[in-house]
Amino acid sequence: MPADLSTMSSLLTDDIQPGIRNQLNDEVPLLKQFENDYDTAFEGMEAVITIKVNRNRGGYATAEGGAAPTAGNQRLEKMRVGMRYYHHNIRITKQLMLSSRGKNTSAARGLQLEMDGMMDDLRVQKNFHLWHFGTGIRALANGTPGTDTRMEVDSPGGAAGATNGARYLNDGDYIVAINPASGLLRAGGTRLINAIATDGTYVDVAAAIDTAWADNDYIVKAYGSDASIAINNTEWNHPHMGMLGIVDNGAFVNTWFGLSRTSFPVLQAPLISAVGALSADVIQRGIDLAVQLGRADIKKHWMDPSVLRAYLAISQGDRRYTGGDLMSPNVGTKYAAGKLGPTGIFFGTGELCVDHWAPYGMWFGCDNSDWVRWVMDEGSWINEDGSTLTRVGSTAVDTFDATFRLFDQFGSYRPSRCFRLAGISANVVVVHSI
């Protein structure tokens, strides 16, 4: 028998290349925008912001000898902002810590990999929440699942639409169902997702679904496996506020930090729904509404990639190539590289920005001068007991937990300075970002 790689495999060792080649998309464009520009410190139970919601109406055009007007007053109200809390946990054994120390025997140190990776994972979750409205809804049940282990889903993030309903759900998530009529948990505890449909229409779970789960139930994440879970151990109504609540007329969030948008319409952001085909006119109408209602200066427009493509299609027929360009035609635009965040594409003076977590079929025109991020804890590992790593139980001899926390809240002092277009016709390419 010849000496070859098969017969002499014990002679050789693996050459472990340094570093981890990340296959995940960790970009969080909108979160970066808030973190870079809008932080303000938070202490106490609530942040209380006094806002002006009406003028002194005690004046009118008088006749000679007419009665003086009844005195009015400036109308002031208080926004009451509560903090929101995030925790992320890692667990690691001492054996892994020691075994992954060598440069030639591991691609990275196990503990450092888990700590650094957790930071990216937490930011991705926060960016998802920043695009929604503070409820934690990931999808809606599409039909009654019965006792099946497959659940059809639609309305990704709680926004209407059947496309890619599982967009914000992932393999490894524990989920529960919330009764939309009562806001209470359905029976049956948590279910673990173990597969996502490639077309985003359903998820598979590890155990039969409880018969209490029903059509249009809200699907939210939970902390882990629990047959009798309490609602406080789910994401229901626990995330921070996001763009569907900030740039809203009450459709998603009618109580704006303690104040009714019905009672105080000045807290509503302009919304144009059922847009259909995108046009320059409807974009300008949104801008005009925000200028009239909030004295806006729209500098950025946020959307998902499909809406940007719909915008580029408006000008497709008007592009011309002359002179030397005919020898080397280029039918692309500055967005051909497909970058996230600011694109270099403009509507007038407002730059178009892309975020792959943004809701489908929506355009957010933003004057972000009144955006705010209230921060109580920018992010820290829990170590008040003297150690970041805490031993797990009494039997897991060399197993340790570490927990990271971040306390903040997002919002706007003046939502009417932004506008939202909804129901835009766009060619969505279904893809599952994890």
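In this report, the structure presented in the accompanying data block is examined. (Residues numbered from 1 in each chain as written. Predicted model: local features only at pLDDT ≥ 70, side-chain atom pairs only at ≥ 80, totals over all residues. Heavy atoms only, no water.)

Comments concerning unusual backbone geometry
For residues other than glycine, phi is negative in most cases, and the peptide bonds are mostly trans.
Here is step 1 of the chain: Positive phi, normally seen in glycine, also occurs at Phe 257, with a value near 50°.
Here is step 2 of the chain: Counting through the fold element by element, Phe 257 comes out in the loop between β11 (255-256) and β12 (259-260).
Here is step 3 of the chain: Look at Arg 295: it is not a glycine, yet its phi comes out positive at around 55°. (Helix = DSSP H or I, 4+ residues; strand = E, 2+ residues; numbered from the N terminus.)

Focus on the sheet that holds strand β7 (residues 174-178)
Here is step 1 of the chain: Strands sit in the order β5-β6-β9-β8-β7-β10 around a closed barrel of six strands; the barrel is antiparallel. Taking the axes of each pair of neighbouring strands and ignoring which way they run, one obtains an average angle of 50° across the sheet.
Here is step 2 of the chain: As paired strands, strand β6 (residues 150-154) and strand β9 (residues 202-205) are joined by three bridges and run antiparallel to one another. Its bridge partner lying in β9, Glu 152 is registered against Tyr 202. (Pairing = 2+ DSSP bridges. Axes fitted to C-alpha atoms, helices over the stretch in contact; angles between N-to-C directions.)

What to know about the sheet that holds strand β16 (residues 350-354)
Here is step 1 of the chain: Pairing is mixed in the open sheet, where six strands are placed in the order β13-β21-β17-β14-β16-β15. Single-partner strands in this sheet number two, and they are β13 (271-272) and β15 (341-347).
Here is step 2 of the chain: Pairing analysis gives three bridges linking strand β14 (residues 300-303) to strand β17 (residues 363-366), with the strands arranged antiparallel. Residue pairing for β17: Lys 300 is matched across the bridge by Cys 366.
Here is step 3 of the chain: Strand contacts of helix α1 (residues 29-37): β14, β15 and β16, with the helix running at about 145° to β14, the strand carrying the most contacts.
Here is step 4 of the chain: In the packing of helix α6 (residues 305-314) onto the sheet, contacts are made with β14, β15, β16 and β17, and the angle to β15 comes to roughly 25°. (Contact = heavy atoms within 4.5 Å.)

A look at the nonpolar core
Here is step 1 of the chain: Within the largest apolar cluster, 54 residues are counted, with the highest numbers of intra-cluster contacts made by Met 243, Phe 364, Trp 371 and Trp 374.
Here is step 2 of the chain: Counting residues per element, this core draws most heavily on strand β2 (residues 46-54), which supplies four residues.
Here is step 3 of the chain: Leave out the neighbours within four places in its chain, and Met 243 touches Leu 30, Leu 130, Trp 131, His 132, Phe 364, Cys 366 and Trp 371.
Here is step 4 of the chain: In this structure, Ile 283, Tyr 311, Tyr 335 and Ile 345 belong to the second largest nonpolar core, which totals 24 residues. (Core = buried A, V, L, I, M, F, W, Y, C linked by side-chain atoms within 4.5 Å. Buried < 20%, exposed > 50% of the residue type's maximum accessible area, 1.4 Å probe, protein only.)

Some thoughts on the packing of α1 against helix α3 (residues 110-130)
Two numbers describe a pair of packed helices, the interaxial angle and the distance between the axes.
Here is step 1 of the chain: For the pair α1 and α3, interaxial distance at closest approach is 8 Å and the crossing angle is 90°. Taken as axis vectors, α1 and α3 run roughly perpendicular relative to one another. Contacts between α1 and α3 involve Pro 29, Leu 30, Leu 31, Lys 32, Phe 34 and Glu 35 on the former and, on the latter, Arg 123, Lys 126, Asn 127 and Leu 130.
Here is step 2 of the chain: Residues that form the contact of α1 with α3 fall into these classes: five nonpolar, one polar and four charged. (Parallel < 35°, antiparallel > 145°, perpendicular 65-115°, else oblique. Nonpolar A, V, L, I, M, F, W, Y, C, P; charged D, E, K, R; others polar.)

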